[in-house]
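Residue-level listing of the chains:
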Amino acid sequence: MKNNLPIGIFDSGVGGLTVYRALHRRLPDERFLYLGDTARVPYGTKSLSTVERYGIENARFLSAQGIKMLVVACNTASALALPAIERAAGVPTVGVIESGARAAVEAAHAKIGVIATEATVRSGAYRRAIKKLAPQIKVIEQACPLFVSLAEEGYADSDAARLVAQDYLSGLRDEETETLVLGCTHYPVLRSVISEVVGEGVRLIDSGEAVATDVAAALAERGLQRAPAPQKGARPRQLCDDLDHFYVTDAAERFSRIAEMFLGRAPRRLEAVEVWGHDELNVRR
Ligand code: DGL
């Protein structure tokens with residue numbers, strides 16, 4: 001039955017695990033297929049046509065496994081290529097930009113800051129999505145490329161992260177933004193340093209958490225929710241348990257290590273696959 005199919009999630013790499021965590025928390029009865037395109041990360045420094053091609057290949061791969069919905073966890077892919085990805089997926093597809101923009105507008109009156117990759121900032125996708133909902137709000141965008149490496153290398157709560165954050169975020173602090181969108185999958189990992197630098201009065205919006213609310217609504221609207229497990233004797237779901245399946249396009253061991261750092265658990269089911277150059281499934285076993 002379609003309702004029992006998993007929800008597909010893809011990201012350029014490990015960062016989307018923050019979105020997986022938010023979805024898992026919000027939708028504990030659902031199963032997830034996660035694809036991290038670790039061979040081709042980062043997307044945030046690449047051109048629109050390249051990100052679009054990668055996104056289409058990822059969507060086709062997940063679609064071939066059987067999914068009922070696709071979540072594009074990667075802000076860059078959501079910003080640059082969501083319509084093409086949805087066409088390739090052939091299932092309802094949700095990106096993170098609109099969800100993040102809506103949550104920010106609900107929390108702000110005059111000024112919203114957005115931090116994201118270079119490509120996301122260049123695309124103006126967050127600015128457009130915010131202005132569509134609230135044209136009077138001023139939007140200040142800032143690319144923070146080094147945050148990705150700091151998160152991946154385990155430097156999220158370090159003096160190095162503080163120094164980089166002070167440099168990137170000084171403009172936003174001077175503008176006195178009320179709300180700041182964490183418009184990149186990795187940034188929630190640096191949440192406490194970011195908050196320390198911009199000031200605790202600034203509300204941080206995690207686009208992953210915002211999208212989880214929208215995915216729950218989209219499932220309900222289409223009657224696609226998975227039935228809850230029977231209470232008696234059922235094991236409570238845990239992050240990365242064997243109901244969720246993880247795929248990477250390279251460096252599975254590194255992915256596993258970083259997953260443990262981000263989520264406190266490594267995936268039980270993790271497989272290296274090739275997703276490019278083929279329309280149909282091409283799994284390396
Ligand atoms: N996943 C990307 C995003 O959310 C960040 C990492 C990258 O540049 O690929 O935009």
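Because the structure is a prediction, the values reported are computed rather than measured.

Q: Sorry if this is basic, but what is going on with helix α6 (residues 125-133) here?
A: Given 3.6 residues to a turn, an α-helix orients residues that are three or four positions apart in the same direction. Burial in α6 covers these residues: Ala125, Tyr126, Ala129 and Ile130. Projected onto a plane normal to the axis of α6, the buried residues spread over an arc of 125° and lie on a single side. The outward face of α6, more than 90 degrees from its buried face, is lined by the exposed residues Arg128 and Lys132.

Q: What is the right way to read the sheet that holds strand β2 (residues 32-36) from this model?
A: Note: strands within a sheet are paired through backbone hydrogen bonds, in either parallel or antiparallel orientation. Across the sheet, which stays open at both edges, the 6 strands sit in the order β4-β3-β1-β2-β9-β10 with parallel pairing between neighbours. In the strand order of this sheet, the two ends are held by β4 (93-95) and β10 (270-272), each with one partner. Recorded for the sheet is a direction-independent mean angle of 20° between the axes of neighbouring strands. Pairing analysis gives 5 bridges linking strand β1 (residues 7-11) to β2, with the strands arranged parallel.

Q: Please clarify how the pattern of salt bridges should be interpreted in this entry.
A: A complete count under the given rule lists 15 salt bridges for this structure. In this structure, Arg102 and Asp214 form a salt bridge, with 3.0 Å as the shortest nitrogen-oxygen distance. Of the two residues, Arg102 is situated in helix α4 (residues 97-107) and Asp214 in helix α10 (residues 207-222); the sequence distance between them amounts to 112 residues. Overall, Arg102 belongs to the partly exposed group, its relative accessible area being 32%.

Q: What is the right way to look at the sheet that holds strand β6 (residues 138-143) in this model?
A: Judged by pairing direction, the sheet is parallel, and its 4 strands sit side by side in the order β6-β5-β7-β8 without closing on themselves. In this open sheet, the two edge strands, each paired with only one partner strand, are β6 and β8 (203-206). On average, each strand axis in the sheet is tilted by 20° relative to the strand beside it, whichever way the strands run. In terms of strand pairing, strand β7 (residues 179-183) meets β8 through 4 bridges, oriented parallel. Within β8, the residue paired with Leu182 across the bridge is Asp206.

Q: How do you make sense of the packing of helix α1 (residues 17-26) against helix α11 (residues 252-263) when you look at a structure like this?
A: Axis angle and axis distance: for two packed helices, these are the angle between their axes and the distance between the axes, and together they describe the pair. The interhelical angle for the contact between α1 and α11, taken along N-to-C directions, is 50°, at an axis separation of 10 Å. Taken together, the axis directions place α1 and α11 in an arrangement best described as oblique. Here the hand of the crossing between α1 and α11 comes out right-handed. The segment α1 lies against α11, with Leu17, Thr18, Tyr20 and Arg21 engaging Phe255, Ala259, Phe262 and Leu263. A class-by-class count of the residues in the contact of α1 with α11 yields 6 nonpolar, 1 polar and 1 charged.

Cut-off values and rules
Residues numbered from 1 in each chain as written. Predicted model: local features only at pLDDT ≥ 70, side-chain atom pairs only at ≥ 80, totals over all residues. Heavy atoms only, no water. Buried < 20%, exposed > 50% of the residue type's maximum accessible area, 1.4 Å probe, protein only. Helix = DSSP H or I, 4+ residues; strand = E, 2+ residues; numbered from the N terminus. Arc of directions from axis to C-beta. Pairing = 2+ DSSP bridges. Axes fitted to C-alpha atoms, helices over the stretch in contact; angles between N-to-C directions. Salt bridge = Lys/Arg side-chain N within 4 Å of Asp/Glu carboxyl O. Parallel < 35°, antiparallel > 145°, perpendicular 65-115°, else oblique. Left-handed = near helix turned anticlockwise from the far one by under 90°. Contact = heavy atoms within 4.5 Å. Nonpolar A, V, L, I, M, F, W, Y, C, P; charged D, E, K, R; others polar.

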